[in-house]
Every structure is written in structure tokens, then in C-alpha cells.
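# Structural description and commentary
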Amino acid sequence: MRTVLINASPKRRFSASSYFLALQRLFLRGNAVSEKLRSKKDYNRILNELGDTDAVVFCLPLYVDGVPSHVLLFLKEMENFCRRNAIRPDVYCIANNGFIEGKQNEPLMQVFRNFSARSELNWCGGIGIGGGVMLSITRILFAVNAAVFCFNMIWNGIQNGTLTDAGTWRGFLLGAGILVFLNLGVLIDIFRMGRAMNKGDGHYFGEKYTRILLHSFFFILIEDIYFTVASVFGGGIFRGWLLRK
């Protein structure tokens, strides 16, 4: 089985889409090819990968309750390309948004469903994920947790001559457990979609919606703090005051 994974986020790095595609890749058999879709210069390269492809997975953020404009333009090109070359891959989608409810991605899923029907492709469903930005940050937190764990183990080895410190292990496992729990809904649905893709032959997965496993009150509080800090360091709060009207 050959699968093309298309990261359609306009961000150059550390996008939530790249994170979810990396997770999806873990549960795929066969040959998986990763591509980035950010502008028109990417069109021909990606289209040329579709010739002998069994499945295509689009992973992208929700923009104003819909598909980002550069992705819409690509879908038009892909429709014509698939018609001309009689290509009919299975189409899947992983959409994420900054809101907490994954159901917010439903209009985007409808776009891909309609695109597949018009292009005579096999729409096989997808996953709508709420709290995508925060879930993406959990991978950074996991890396920090792992780095602290390694440092503590080395420090204990220097001081006590042993790397088996129960307190250090408990702290690491607790942090790792929390991060896995926050991602649990996404991991389950991505595993299930990967299993459906591995069956091939246009196996219909359906449209599933999940979210970060965090209470809405805490989610909103953390999001407000995060975006305020990001805005301050990015100049977002003050830049608007200084712009010429």
C-alpha cells in the first residue's frame, strides 16, 4: 500500500498538522510519502506523487470554518489531474482547530466530501480535532520532560553512583502519563483510521470528532494565557498601536 500524507498547514515548522501526520504515520503499513502544501510551487510535485497512490491524507487547520485558500486552489488542480489520468485514490482528512470542540471541523469535512464526489474519488472520512494547538504543544512538553528526566538521572549517577532513582522515575512517568491522557482521544481515532486505511479498497472510516481531554474551563484559561504571551512576544499587542492608520 502506498499513501501520500499532505501537510497543508501554511506554517513552516512546528505546526499541529505535522504533529498529527507524524502520529498517523506510526499506524500505517507500506510506503508512506510525506509532502508539504504551502503554495502553487508545490502543486506539480505533489500531483506527480499521486499516480500509483492508494490513499491520500490531507492534514490541515480550520480557517474561518473552512479550508485554507491555498488548499482550495490545489483541490481544483487535483480534480482536473485525477480526471485526466483516471486516478482514484482513497481520500482521508485530519482537520484541527484552536477551539476545544472537534465538531467545529464539520464544515471542512463537508468540503472534502463534496470534492471527492465531484472528482469521482473515494471519500473515506476523517478526524476533526479540537484543541489542536494545545495538543501540538504537548509534544514540546514531552521533550522537556524527557530532557529533565535524563538530566536528573545523570545527576543522580554522579552524586550517588546509580541511575535507578525511584523519585525521578515517578516524576517522568507521571508527566508522560498526563500527556498521553490529554492526547488519548486523538491517538485512538488516528489508530482506528490507520487500521481502516491499511485495509484498502476504499474502506469507509467515517467522520469522527475528538478533542484534547481537558475540562473546558482549564482549556480556556490556558489558551488565554498562551495567546496573550505569544502576542506580547510577537509584537501583536503593541504593533497595532504603532501602525499608521
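Refer to the structure presented above.
Presented here is an overview of the structure given in this document. (Residues numbered from 1 in each chain as written. Predicted model: local features only at pLDDT ≥ 70, side-chain atom pairs only at ≥ 80, totals over all residues. Heavy atoms only, no water.)

## Quick word on the sheet that holds strand β6 (residues 206-211)
With parallel pairing, six strands are arranged side by side in an open sheet as β2-β1-β3-β4-β5-β6. The strands lining the two open edges of the sheet, one partner per strand, are β2 (31-36) and β6. Strand-to-strand twist across the sheet, computed as the mean angle between neighbouring axes with direction ignored, equals 15°. Here strand β1 (residues 2-7) pairs with β2 via six bridges, running parallel. (Pairing = 2+ DSSP bridges. Helix = DSSP H or I, 4+ residues; strand = E, 2+ residues; numbered from the N terminus. Axes fitted to C-alpha atoms, helices over the stretch in contact; angles between N-to-C directions.)

## Observations concerning helix α3 (residues 69-85)
Taking 1.5 Å per residue as the helical rise, α3 with its 17 residues ought to reach 24 Å, and the 25 Å between its terminal C-alpha atoms agrees with that figure. H70, V71, F74, L75, M78, E79, F81 and C82 are the residues of α3 that are buried. Of the surrounding secondary structure, the elements contacted by the buried residues of α3 are β1, α2 (43-48), β3 (55-61) and α4 (106-119). (Expected span 1.5 Å × (residues − 1). Buried < 20%, exposed > 50% of the residue type's maximum accessible area, 1.4 Å probe, protein only. Contact = heavy atoms within 4.5 Å.)

## Focus: the packing of helix α1 (residues 16-25) against helix α7 (residues 184-199)
Running from amino to carboxyl end, α1 crosses α7 at an angle of 55°, the nearest separation of the two axes being 9 Å. Considering the angle they form, α1 stands oblique to α7. Crossing geometry of α1 relative to α7 is assigned as right-handed. Counted together, F20, L23 and Q24 of α1 and V186, L187, I190, M193, G194 and M197 of α7 form the full contact between these two elements. A per-class count over the contact of α1 with α7 returns seven nonpolar, two polar and no charged. (Parallel < 35°, antiparallel > 145°, perpendicular 65-115°, else oblique. Left-handed = near helix turned anticlockwise from the far one by under 90°. Nonpolar A, V, L, I, M, F, W, Y, C, P; charged D, E, K, R; others polar.)

## Concerning the packing of aromatic side chains
Tallied over the entire structure, the rule returns eleven aromatic pairs. Here F142 and F172 contribute two aromatic rings whose centre-to-centre distance is 6.4 Å and whose plane-to-plane angle is 50°, an arrangement assigned as tilted. On the criterion of sequence distance, the pair formed by F142 in helix α5 (residues 132-160) and F172 in helix α6 (residues 166-182) is long-range, its members being 30 residues apart. Assessed through its relative accessible area of 39%, F142 is described here as partly exposed. F172 gets classed as buried once you look at its relative accessible area, which sits at 16%. Of the aromatic side chains, those joined through ring pairs into one cluster are Y43, F58, F74 and F112. Positioned above the aromatic ring of F205 is the side chain of K208, whose terminal nitrogen or guanidinium carbon lies 5.6 Å from the ring centre. (Phe/Tyr/Trp six-rings, centres within 6.5 Å; stacked < 30°, edge-to-face > 60°. Lys NZ or Arg CZ within 6 Å of the ring centre and 35° of its normal.)

## So, the pairing of β1
Of all six residues that make up β1, six are buried, and the element is covered over most of its length. Taking every second residue as pointing to the same face, both faces of β1 are buried, with R2, V4 and I6 on one and T3, L5 and N7 on the other. A crossover connection joins β1 to the parallel β2 through α1; in handedness this β-α-β unit is right-handed. As defined by bridge partners, β1 adjoins β3 across five bridges and the pair is classed as parallel. Across the sheet, T3 pairs through a bridge with A55, a residue of β3. (Right-handed = clockwise from strand over helix to strand, strands pointing away.)

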